[in-house]
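# Structural description and commentary
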Amino acid sequence: MARVTEYIKASIPYLILIAITTPIVLMYIMLFVASFSRTVYGLVPDQITISNWNFLLTGYIQAPGTGQVEAGRYPNIYIVTFNTFLLALTVATLEVVFSSLAAYAISRYNFKGRNLFLTTTLILHSFPSITLLIAVFYVLNILGLFDTLIGVILVKVALELPLGIWIMKGFYDGIPWDMEMSALVDGCTRLQTWWKVIMPNVKGGIASTMIFAFLSGWAEYIFILTFIVSQQNWTLSMLVASMIGEWRFVDYGQLAAVSFFYMLPVVIFFLFFQKYLLRMTIASKGPI
Amino acid sequence: MPLGFKRIKIPYLYIFISPAVILIATFFIMPVILTLLISFTGMDYKLQWNWIGLGNYYRMLRDRWAQLIMRNTIFYVIATLVCFNVGMALVISILTTHIHDKTGAAFRAAWLLPRITPSTVYIVIWNWALAPYPYGLFNWVLHTLGFSEVSFQKFNLKPIHPFIPLPWVWLWVILVNGFIGASFGMIIFTAAIKAIPMDYINAAKVDGASTLQTIRYVILPMIKWPILFVTAYQTLSLLTSYEQILLFTDGGPGYMTEVWALYSFHKAFAEYAGAFEFGYGAALAVVLVVIGLIASVAYYKVFRFRELMLESKIEVT
């Protein structure tokens, strides 16, 4: 009898965890199932089909109820995907390069304004992007970067740099000075030392920052919504959002397929690079 | 140090920090200053600087929606924080550290999914889950389990229980945000719990403490600081979060689920009439900034961020 009580006791944590986690898992399974079925009732597909994925062949998504009219088409899916990829990759690259350069200087040099720089970046972190949207809109207009992906990229990199610098600084601080010293003594310049000696030692940190910046750029919605007007500059977030906008008339199977298509990189990173994601979530500036 | 070394130091310093400095100055510091300035103007889509002094702030005091929205915001922040960002995060991290390690990690991984899912897709999933029977997941599950008379709707304004005057729509808003929010605290608490020396927990067990007592008297006191940190940090994050609400309910129905950050966004960029009120939108944003700054100063004192800024440990001259 005592044995049974033990078993019941041991299973309580599992039961609670299953109860609270199941909704999340079911919701993602539902999206996956729906993308391959004509209609889905809860988790039960009505008729398995791959026709929802036709947009990958034709290249465009026809808004429901518009027949085959060209005006009723969303922008070409490959252009939109390319934009999203370009945005995410550029944001990630610039963020990693700029933040690792700046953090190196902060970790290794003692210059005038160093503390000012650190304090400023820290204070800036308490200015969330919502408070700056209007002013950024103004700046982009003045610079002629409104409605360009470059504008969105620069804004996004700038807003995420302060945090990136702090994270990279943490990585550099953990590297002993002796390693660089020997490189400098052997005649390397500062830039060479940074590239050849230091960078290989912070690979893990760079990978985390890069993956996280990539996913954050990949998912970006608000900046696209606010700073992009032309459909040829759309990203997948805009495409999905405008499909939700027509919720009542939407082709649900197709919406599920597009959503799942949009989630693919996330799924890949989730399955294969989880340790980096866990490390970086703590640093996420994310909404919540 | 040889003199030559000192001479080449400065240009390299510029190479290292100028890209970051230029970007941050243009797209971060300048907007911070501009936001403050714009909040004293009646700027609209023509982007002209017609100064109106404190006009926007007076208007805010008279704005009959602002009060409701401030109440919404406070409720939203506290409810989500208590139930999910701290509450659920604690539950998950305590439970997953008490079971088989790999299994625990799998549960935590599942909770990470909502955070890394693009917000638009995340909302598609939620809309779908809440769709009517037989399509929506939740209603389908209810029916399958035999609760055929109950049904969930996204914009249900009825209270969730006769004794709890919270409309269903608010419950969904909190769940949508909370499922993302829980993972931050979860990761921090898990790390903190794993760092507790086993001796303490074993000692409590030897003394005859039950699992609940161990949690209450050993684990919770030992992760007091992480809890405080997550509470402080996430209050700010929640205060300024609006993207999910924008996509999920758009503040509706009416202004029922509108929060302060979303109101600022709506005033400045919404598509309906009366939009492009950049001046008023900026003033609303400034309120958030002021709250954020006060809170940051407080955290700075509490968590001694100054320690993070110790001199660089290698002096190079």
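In this text the structure is predicted, and so the values were computed from the model without any measurement. (Residues numbered from 1 in each chain as written. Chains lettered and ligands numbered in written order. Predicted model: local features only at pLDDT ≥ 70, side-chain atom pairs only at ≥ 80, totals over all residues.)

### Some words on the overall build of chain B
A count of helices and strands for chain B gives 13 helices and 2 strands. The C-alpha radius of gyration of chain B comes to 25 Å, more than 25% above the 20 Å expected for a compact globule of 317 residues. Referenced to the eigenvectors of the C-alpha coordinate spread, the extents of chain B come out at roughly 75 × 60 × 35 Å. Looking at chain B as a whole, 39% of its 317 residues are labelled buried. (Helix = DSSP H or I, 4+ residues; strand = E, 2+ residues; numbered from the N terminus. Rg over C-alpha atoms; globule rule 2.2 N^0.38 Å. Buried ≥ 20, exposed ≤ 12 C-beta atoms within 10 Å, placed from the backbone.)

### Section: the environment of Ala-89 of chain B
Residues and elements named next belong to chain B. Its location among the elements puts Ala-89 in helix 3 (residues 64-97). Judged by local crowding, Ala-89 falls into the buried class, with 27 C-beta atoms found within 10 Å. A C-alpha to C-alpha distance of 37 Å links Ala-89 and Phe-278, two positions 189 residues apart in sequence.

### Concerning the domain arrangement of chain A
Residues and elements named next belong to chain A. Once the domains are mapped, chain A shows domain 1 (2-49) and domain 2 (72-281). Using C-alpha coordinates to define each centre, domain 1 is positioned 34 Å away from domain 2. Taken together, the contacts link 6 residues of domain 1 with 6 residues of domain 2. (Domains from an automatic or database assignment. Contact = placed C-beta atoms within 7 Å.)

### Focus on the interface of chain B and chain A
If you look at the interface, chain B gives 89 residues, while chain A gives 83 residues. Top element by residues in the side of chain B that touches chain A is helix 1 (residues 3-38) of chain B. It accounts for 18 residues. A class-by-class count of the residues in the side of chain B that touches chain A yields 62 nonpolar, 22 polar and 5 charged. (Nonpolar A, V, L, I, M, F, W, Y, C, P; charged D, E, K, R; others polar.)

### Quick look at the pairing of strand 2 (residues 164-167) of chain B
Residues and elements named next belong to chain B. Pairing of strand 1 (residues 159-161) with strand 2, which is carried by 2 bridges, proceeds in the antiparallel orientation. Within the sheet, the bridge partner assigned to Pro-159 lies in strand 2 and is Pro-167. The turn linking strand 1 back onto strand 2 is made up of 2 residues. (Pairing = 2+ DSSP bridges.)

### Some words on the confidence of the model for chain A
Confidence in the prediction of chain A, expressed as mean pLDDT, is 84, and 92% of residues score 70 or more. Low pLDDT (under 50) marks residues 282-288 of chain A, which in the prediction has 20 contacts with non-local residues, meaning those over four places away or in another chain. (pLDDT = per-residue confidence, 0-100.)

### Looking at the domain arrangement of chain B
One frequent convention defines the size of an interface as the accessible area lost when the parts assemble. The assigned domain composition of chain B is domain 1 (1-27) and domain 2 (69-276). For domain 1 of chain B versus domain 2 of chain B, the separation of C-alpha centres amounts to 44 Å.

### Structural notes on helix 3 of chain B
With 34 residues, helix 3 of chain B ought to run about 50 Å at 1.5 Å a step, and its terminal C-alpha atoms sit 48 Å apart, in line with that. Remark: the principal bend of helix 3 of chain B, roughly 50°, maps to Leu-81 of chain B. (Expected span 1.5 Å × (residues − 1). Bend = angle between axes of the 7 residues up to and from the residue.)

### Comments concerning unusual backbone geometry
Look at the link from Tyr-133 of chain B to Pro-134 of chain B: it is a cis peptide, with omega at 5°. Note on placement: Pro-134 of chain B falls in the loop between helix 5 (119-129) and helix 6 (137-144). Of note in the backbone geometry, Asp-147 of chain A takes a positive phi value of approximately 65° without being a glycine. In this structure, Asp-147 of chain A sits in the loop between helix 5 (129-143) and helix 6 (149-173). The backbone of Asp-250 of chain B shows a phi angle near 55°, a positive value even though the residue is not glycine. The residue Asp-250 of chain B is located in the loop between helix 11 (243-248) and helix 12 (260-269) in this model.

### Quick word on helix 12 (residues 252-272) of chain A
If you check helix 12 of chain A, its first and last C-alpha atoms are 29 Å apart, about what 21 residues at 1.5 Å a residue would give, namely 30 Å. At Met-263 of chain A, helix 12 of chain A shows its strongest bend, of approximately 45°, with the proline Pro-265 of chain A following within four residues.

### Quick notes on the packing of helix 3 of chain B against helix 10 (residues 224-239) of chain B
Residue and element names in this part refer to chain B. Contact geometry of helix 3 with helix 10 gives a least axis separation of 10 Å together with a crossing angle of 140°. If you check the angle between helix 3 and helix 10, you find them oblique. Between helix 3 and helix 10 lies a crossing whose hand is right-handed. Residues Thr-73, Val-77, Thr-80, Leu-81, Asn-85, Val-86 and Ala-89 of helix 3 lie in contact with helix 10, whose contacting residues are Ile-227, Val-230, Thr-231, Gln-234, Thr-235, Leu-238 and Leu-239. In the contact of helix 3 with helix 10, the residues fall into 8 nonpolar, 6 polar and no charged. (Axes fitted to C-alpha atoms, helices over the stretch in contact; angles between N-to-C directions. Parallel < 35°, antiparallel > 145°, perpendicular 65-115°, else oblique. Left-handed = near helix turned anticlockwise from the far one by under 90°.)

### Side note on the nonpolar core
By size, the foremost hydrophobic cluster in this structure holds 159 residues, and its most contacted members are Ala-102, Ile-134 and Ala-158 of chain A. Per-element tally for this core: the top contributor is helix 7 (residues 168-194) of chain B, with 16 residues. Aside from chain neighbours lying at most four places away, what touches Ala-102 of chain A is Ile-165 of chain A together with Phe-16, Ile-17 and Ala-20 of chain B. (Core = buried A, V, L, I, M, F, W, Y, C linked by C-beta atoms within 7 Å.)

### Quick notes on the environment of Phe-146 of chain A
Residue and element names in this part refer to chain A. Tracing the chain through its elements places Phe-146 in the loop between helix 5 and helix 6. On the basis of neighbour count, Phe-146 is assigned to the partly exposed category, with 18 C-beta atoms found within 10 Å. Sequence separation between Phe-146 and Ile-228 is 82 residues, and the spatial gap between their C-alpha atoms is 6.9 Å. What Phe-146 contacts, discounting residues up to four positions off in sequence, is Leu-140, Asn-141, Gly-151 and Phe-227.

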